[in-house]
Amino acid sequence: MKQYSDLEYLKLSKWHRFILKIANFFLGIPMWFAHLGIKIWTYIKKFGIAVKDTFVDIYETFQNGDYKTRISFFIMGFGSLARGQILRGILFLLFELVFIFYMIFAGAHWLSLLPSLGKEGPELNSHYDPNLDAYVTVYHDNSFKILLYGVLTIFFIIALIYTWRLNIKQNKISQQILASGKPLKRTKDDLRSLVDEQFHKTLLALPTLGIFMFTVLPMVFMILVAFTNYDGAHNGFSNSLFHWVGLDNFKTMLTWTSGGNSYSAAFGEILVWTLIWAFFATFTNYFLGMFVAMMINKKGIRLKKMWRMILILTIAIPQFISLLYVSKMFAVNGIINGTLMKWGWIQEPLPFWTNPTWARVTVIIINIWIGIPYLMLITTGILMNIPADLLESAKIDGANAFQQYTKITLPYMLFITGPYLLTSFTANMNNFNVIYLLTAGGPANSAASSAAGSVGFTDLLITWLFKITTGAESQYYMASIIGILVFVVVALISLIVYSVLPSVKNEEDFQ
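A quick note: this is a predicted structure, and the numbers were derived from the prediction, not measured.

Q: What's the story with the overall build of the protein chain in this structure? I'm lost.
A: Scanning the protein chain from N- to C-terminus turns up 20 helices and two strands. The globule rule puts the C-alpha radius of gyration for 511 residues at 24 Å, and the 31 Å found for the protein chain is more than 25% above it. Along the first, second and third principal axes, the C-alpha set of the protein chain runs to 90 × 75 × 55 Å. Evaluated residue by residue, the protein chain yields a buried proportion of 34% over its 511 residues. Across the protein chain, the fraction of contacts at a sequence separation of at least 24, relative to all contacts at a separation of at least 6, is 64%. For the protein chain, the exposed area adds up to about 30800 Å²; of that, 69% sits on carbon and sulfur atoms. Charged side chains in the protein chain number 38 positive and 28 negative. The centres of these two groups are separated by 11 Å.

Q: Looking at this structure, I do not really get empty space enclosed by the protein. What am I missing?
A: Empty space among the atoms becomes apparent when a probe as large as a water molecule is rolled across them. By the definition in use, this model includes one cavity of 30 Å³ or more. Space inside the largest cavity adds up to approximately 40 Å³. Together, Glu269, Ile270, Trp273, Arg360, Asn445, Val455, Gly456, Phe457 and Asp459 line the largest cavity. At three residues, the largest contribution of residues to the lining of the largest cavity is made by helix H10 (residues 263-297). Split into classes, the residues belonging to the lining of the largest cavity amount to four nonpolar, two polar and three charged.

Q: Would you take a moment to explain the environment of Phe18 for this structure?
A: In this fold, Phe18 is placed in helix H2 (residues 14-64). Phe18 sits in the partly exposed class, given a relative accessible area of 45%. As for Phe18 and Ser240, which are separated by 222 residues in sequence, their C-alpha atoms are 60 Å apart.

Q: Even after reading the chapter, I still don't get the nonpolar core, so can you show me in this structure?
A: Generally speaking, nonpolar side chains in soluble globular proteins are found buried as a group. Counting residues in each nonpolar core, the largest one holds 44 residues, and the members touching the most others are Met253, Trp277 and Trp464. Among the elements of the structure, helix H9 (248-254), H10, helix H12 (319-329), helix H14 (356-384), helix H16 (401-429), helix H17 (432-438), helix H18 (461-468) and helix H19 (476-500) are those that each provide at least two residues to this core. Counting residues per element, this core draws most heavily on H19, at 10 residues. Once residues lying within four places of it in the same chain are set aside, the contact partners of Trp277 are Val363, Ile364, Asn367, Asn428, Asn431, Val434, Ile435 and Leu460. Ranked by size, the runner-up nonpolar core spans 19 residues in total, among them Tyr286, Met290, Ile372 and Leu383.

What counts, and at which threshold
Residues numbered from 1 in each chain as written. Predicted model: local features only at pLDDT ≥ 70, side-chain atom pairs only at ≥ 80, totals over all residues. Heavy atoms only, no water. Helix = DSSP H or I, 4+ residues; strand = E, 2+ residues; numbered from the N terminus. Rg over C-alpha atoms; globule rule 2.2 N^0.38 Å. Buried < 20%, exposed > 50% of the residue type's maximum accessible area, 1.4 Å probe, protein only. Contact = heavy atoms within 4.5 Å. Areas by Shrake-Rupley, 256 points an atom, 1.4 Å probe, with all protein chains shown as cover. Lys, Arg positive; Asp, Glu negative; His and termini not counted. Charge placed at Lys NZ, Arg CZ, Asp CG, Glu CD. 1 Å grid on protein atoms, 1.4 Å probe; cavity = no way out; pocket = protein on both sides within 12 Å on 5 of 7 lines; lining within 4 Å. Points joined across faces, edges and corners; volume = space filled by probe spheres on them. Nonpolar A, V, L, I, M, F, W, Y, C, P; charged D, E, K, R; others polar. Core = buried A, V, L, I, M, F, W, Y, C linked by side-chain atoms within 4.5 Å.

From the geometry alone we can't say anything about function, so treat these as descriptive.
This is the structure we're talking about:
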């Protein structure tokens, strides 16, 4: 493509500039991926160098260390205890003892069963219980527990390796400090440090543990479920064990098959609608909420607090109540159709929820009613921070209201709210409440894959995921794959959009 100088570019028409920007964007995508690949390779090289340096440092520490340091390689905390750092030594030693105790009495057992996810399943109605005068089921291995505790054990091993490394570094630093003639920190110094210069670590310890337990661990568990046959028929305990199946589930999901048994067809259709929904749900709320805020903030508008309060009421009412009520209002026998037929405006009920196009448009419009108040509140404060003299200068220079909006207000808003737009788009892709409470994913899509459950025309990936994890089949492994694919799609979109946000590219323009 021809390269334009700054003067040549300014001489181009607005339409030509727009086409040029679009072309440059699409032509820049391969280059963006090339740069991403280079960055990934750079990080891999840095990681390899860091691993090599770590092993070299460990070897040199052992080679040059005194007997206290060398014994600490096997008995964590020995060096700290021998040098008078009692608290550090006790913590290191206690961690090692807890790990050994756990591995002997539980961890080794879970790790041994992890490759098979259980060897002996339940014996259904196999043993006679004289007290109950009935045959009862005898339970043995539990695949769910094996997978969960196996993952926890692996994380525990990683934590031990990390703590062992800290123990080695601590011994090296302590030995260097003593060699320089300086005293080491004692227990009271460590305790004082936890509420002084290291207070941030003290505060972050509990939240970090919570993030690991309730975010990282469930995410890893969900990813691993995708490689098993975990479903309603194989729940791992009460009816049958589940086992590893490798990449078979991904092959089933991504392979196009003719007939009514293609998950890939259903996934593709739902993904397209999810992206369309997220686009309109994000940008209709964004621009309309901004316009409402601009109208309320306009000079001469009276009762501004009242208008804001009326809009905020839609936020105060729980969506579970308001959306279910609105869903009934737009039903075939709802108040909307009833009123229109009573007035003689229509002869038969409008298919708000029974026609695919009507249903999709309706949920987008209702979402506007839900989303505008949030954006009105967000943009109100930002609009008030736009320098009034800047707008006045533009007005004096002859700029009309639309030009002031496109050249001053909108760029300023996009700079401030760009990251919010990205997170809002992601949130709308996973907006379970609006879709499920209004339509439950309907109307039903009879052309969708019969293997993919009850797929509807308004189903998002998140509501489809919910459907296939409920009911008799409960295909948890497929739900896990959908979750992984959703993450991949959202991550790619986020990376691409984030790289072109004004907040990132032109940060200095608004400073």
